[in-house]
Amino acid sequence: MSSKSFQMPANVALPSPKPRLSLSVASHFLSFPPNSLPFSSFLRTKPHKISPLSASSPTLNSPADQPESLTLTQEAISDFLLELGISQEDSKFISLNSPKYAQMLSDSVRDLEEWNSWNDGGNGEESSVGFKEKVVRMAKDKGDNGKVAFLESIGLSLSSAINIARYLSGDSLPVLIYKVKYMKEIFFSGSNAEGLVGKNARKMMRHLSIPIDEDVQQTLAFFEKIEARRGGLDMLGSAEASFRYLVESFPRLLQLSVDSHVKSVVEFAENIGVPKERVGNVLLLFPPIIFWNVKEIRTKTLAFEEIGAVDKDLGKMLVKYPWILSTSIQENYDEILSFFDEEKVPKLGGDRAIRNCPHLLGCSTTKLKLMVEQLGELGVKNKKLGQVIAKSPQLILQKPPEFLQVVTFLEDLGFDRENVGNILVRCPELFATSIDRTLKKKVDFLTGIGISKDHLPRAIKKYPELLVSDVDRTLLPRVKYMMEIGLSKRDVAFMVRRFSPLLGYSINEVFRPKLEFLTNTMAKSLRDVVDYPRYFSYSLEKKIKPRFWVLKARNVECSLKDMLGKNDEEFAAEFMDDERTFVPPFHSHK
């Protein structure tokens, strides 16, 4: 977020007697909930359910007078806030939404009335001060200058509001309102689709297996408070649900200067590649960042230049795993690099793995070694291990029992250990998927289109990506397309059995142009591709067209397999007489 996007209003300094904030400025300060009440309805609105007021005056003792006395208390609080420079609308909002604070003031007034302690000038004579004036005097005597009422109105408990107000003695109420508005905007204006922030928090905790520092410990305590509420961590990205606990967990937050400190931290995050809409997510997942100065943050980020994390790569790492800036993660960073070196993981592969899956940095090398040993038992070591880690680093974050469940699943399909290892190197992400939600679903789809269990191993071995392809968006549309052009379900099954990568090709970029050339130019039938589905694997411009035009020029008819299945020398030897080198005639036939 740009530092110019939210400027400090000019009139938020400590006010002179009875200044007023404009309605437009005040509305900008406070985010009113849908059921907040305008000034015109204040007197006729049913108040919050707080304990009835009682006083020495007999007119305040009857139940009929209780709603009126409560209204008087709220009016008194509003008058007190008006003296502090708050607009009418804001003062009404705060007074209506701070019932415990109102109760505290009214109880204090009642206690003093019972002891006849309200006097005039200290001469012992009973004062004629009215109830509202007494409440205002009591609010002034509390010495918090309206901060407790405001903090309760934004969701804090009274005890938390009183405690946190002590940290904020140097700020006027208008300044505090400005800070709260800005902090809410920074922390909660980012994307939280489907509880994204909470999901990231759970993932960070799940893969953490090293001793933690105080900053991470405080963050976990904050998460715990949210988790205990209805909706749990899915509500972490909601200001309504989380702001209270954010302030309670990090009370120094409202002591920070917005203009001289917070904005510079936000700008730095954007400058190192954190998207503007994700800065709040980063701060929510690791609030201590906002207390550090930019120089300290820059020093921590420089550590990752060693793995090539610069510019946007660094920003992506922060979005995925903000804890990379914590002391405990930075200390474990060197341990992970040494571990990869000991396991002979190529540096480029290890660096790429950390950039793509920074959660590795929160994992102990002891835990990682357990998974590396499991991979080694399948023949995946050294260079192969580097390939697997670089391509699917999340795999070594798994627990060995979870990994072995996938191995067993493949063995039950008919694969031996050697072939399981080959599949692992070819498609490591397959071993980090759910058996029930992913693998079984894909197997059911393949058998459903006519691939028998006897033929499944062959299809999967040639193209293991089948088991991690999306059924609705990838596999099914391709099957439907082939049937729509005139192939039967049996034809499709036969083609997939013979050449399973078929289901990974793009309809618009591969199937359609190659079929059009086959039928319109080559004058062949669909039966030809049923017999030789590998036709779709060859480049249309670099191989299919050049070889067809050579054959056509020589008036040669042959099958797709004979035309495409030979290398250039074999093709030249069979179809081009003594020409040993085949040069595709690109320029004569486009």
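The shown structure was predicted, so the numbers you read here are calculated from the model rather than taken from an experiment.

### Quick look at the overall build of the protein
- What the protein contains, in helices and strands, is 30 helices and 0 strands.
- Burial analysis of the protein (590 residues in total) assigns 51% to the buried set.
- Taking contacts inside the protein between residues at least 6 apart in sequence as the whole, the part at least 24 apart equals 73%.
- Accessible surface for the protein amounts to roughly 28,500 Å². Of this, 48% is attributable to carbon and sulfur atoms.

### A look at the packing of aromatic side chains
- Considering all chains together, one arrives at 19 aromatic pairs under this definition.
- A network of ring pairs unites the aromatic residues F222, F223, F250, F291, Y321 and W323 as a single cluster.
- The ring of F243 has K184 lying over it, and the distance from NZ or CZ to the ring centre is 5.4 Å.
- Looking at K300, its charged tip hangs above the ring of W292, at a distance of 4.9 Å from the centre.

### Quick word on the environment of P533
- Within the fold, P533 resides in the loop between helix 27 (526-531) and helix 28 (540-553).
- The class of P533 is buried, set by a relative accessible area of 3%.
- With 31 residues separating them in the primary sequence, P533 and L502 have C-alpha atoms 7.3 Å apart.
- When near neighbours in sequence (up to four residues on either side) are disregarded, P533 contacts M495, R498, F499 and L502.

### With respect to the nonpolar core
- Core analysis: the largest hydrophobic core is formed by 181 residues, its most contacted members being Y101, L151, F187, L375, F431, Y535 and F536.
- Once residues lying within four places of it in the same chain are set aside, the contact partners of Y535 are K514, F517, L518, M522, V529, I544, L560 and L564.

### A few points about the pattern of salt bridges
- In this structure the tally under the stated criterion is 19 salt bridges.
- Between E248 and R244 there is a salt bridge, with the nearest N and O atoms lying 3.1 Å from each other. With E248 and R244 both in helix 11 (residues 239-249), this residue pair falls 4 residues apart, about one helical turn.
- Under the relative-accessibility criterion, E248 is labelled buried at 18%.
- On the basis of relative accessibility, which here comes to 26%, the residue R244 falls in the partly exposed class.
- K545 is the partner of E541 in a salt bridge, and the nearest nitrogen-oxygen pair spans 3.0 Å. One end of the pair, E541, and the other, K545, are both in helix 28, 4 residues apart, so they sit about a helical turn from each other.

### Looking at the packing of helix 26 (residues 507-521) against helix 28
- The N-to-C vectors of helix 26 and helix 28 enclose an angle of 10°; their axes lie 12 Å apart at closest approach. Regarding the angle of helix 26 to helix 28, the classification is roughly parallel. Two secondary-structure elements touch here, helix 26 through P513, K514, F517 and T521 and helix 28 through L540, I544, K545, F548 and W549.
- Looking at the contact of helix 26 with helix 28 residue by residue, the classes come out as 6 nonpolar, 1 polar and 2 charged.

### What to know about a negative patch on the surface
- Together, E306, D334, E335, D341 and E342 make up a region of like negative charge exposed at the surface.
- For D334, a relative accessible area of 47% gives the class partly exposed.

### Notes on the state of the cysteines
- Enumeration over the complete set of coordinates arrives at 0 disulfides.
- Unpaired in terms of disulfides, C357 finds its nearest cysteine sulfur in C363, a separation of 9.4 Å.

### Quick word on a positive patch on the surface
- Residues R458, K461, K462, R498, R534 and K561 make up a contiguous surface patch of positive charge.
- With 3 residues, helix 23 (residues 456-462) is the single largest residue contributor to the positive patch.
- If you trace the backbone, R534 turns up in the loop between helix 27 and helix 28.

### A short note on the confidence of the model for the protein
- This prediction gives the protein a mean pLDDT of 84; 83% of its residues lie at or above 70.
- Across residues 1-66, confidence stays below pLDDT 50; counting only partners more than four residues off in sequence or on other chains, it has 116 contacts.
- In the predicted structure, residues 585-590 sits below a pLDDT of 50 and forms 6 contacts with residues beyond four places in sequence or in another chain.

### Side note on the environment of A201
- Inspection of the secondary structure puts A201 in helix 9 (residues 196-206).
- Distance from A201 to F286, taken between C-alpha atoms, is 9.4 Å for residues 85 residues apart in sequence.
- The residues contacting A201, other than those within four sequence positions of it, are F223, L233, L236 and L285.

Thresholds applied
Residues numbered from 1 in each chain as written. Predicted model: local features only at pLDDT ≥ 70, side-chain atom pairs only at ≥ 80, totals over all residues. Heavy atoms only, no water. Helix = DSSP H or I, 4+ residues; strand = E, 2+ residues; numbered from the N terminus. Buried < 20%, exposed > 50% of the residue type's maximum accessible area, 1.4 Å probe, protein only. Contact = heavy atoms within 4.5 Å. Areas by Shrake-Rupley, 256 points an atom, 1.4 Å probe, with all protein chains shown as cover. Phe/Tyr/Trp six-rings, centres within 6.5 Å; stacked < 30°, edge-to-face > 60°. Lys NZ or Arg CZ within 6 Å of the ring centre and 35° of its normal. Core = buried A, V, L, I, M, F, W, Y, C linked by side-chain atoms within 4.5 Å. Salt bridge = Lys/Arg side-chain N within 4 Å of Asp/Glu carboxyl O. Axes fitted to C-alpha atoms, helices over the stretch in contact; angles between N-to-C directions. Parallel < 35°, antiparallel > 145°, perpendicular 65-115°, else oblique. Nonpolar A, V, L, I, M, F, W, Y, C, P; charged D, E, K, R; others polar. Patch = residues over 30% accessible without salt bridge, like charges linked within 9 Å, V, L, I, M, F, W, Y side chains within 5 Å. Lys, Arg positive; Asp, Glu negative; His and termini not counted. Charge placed at Lys NZ, Arg CZ, Asp CG, Glu CD. Disulfide = S-S within 2.5 Å. pLDDT = per-residue confidence, 0-100.

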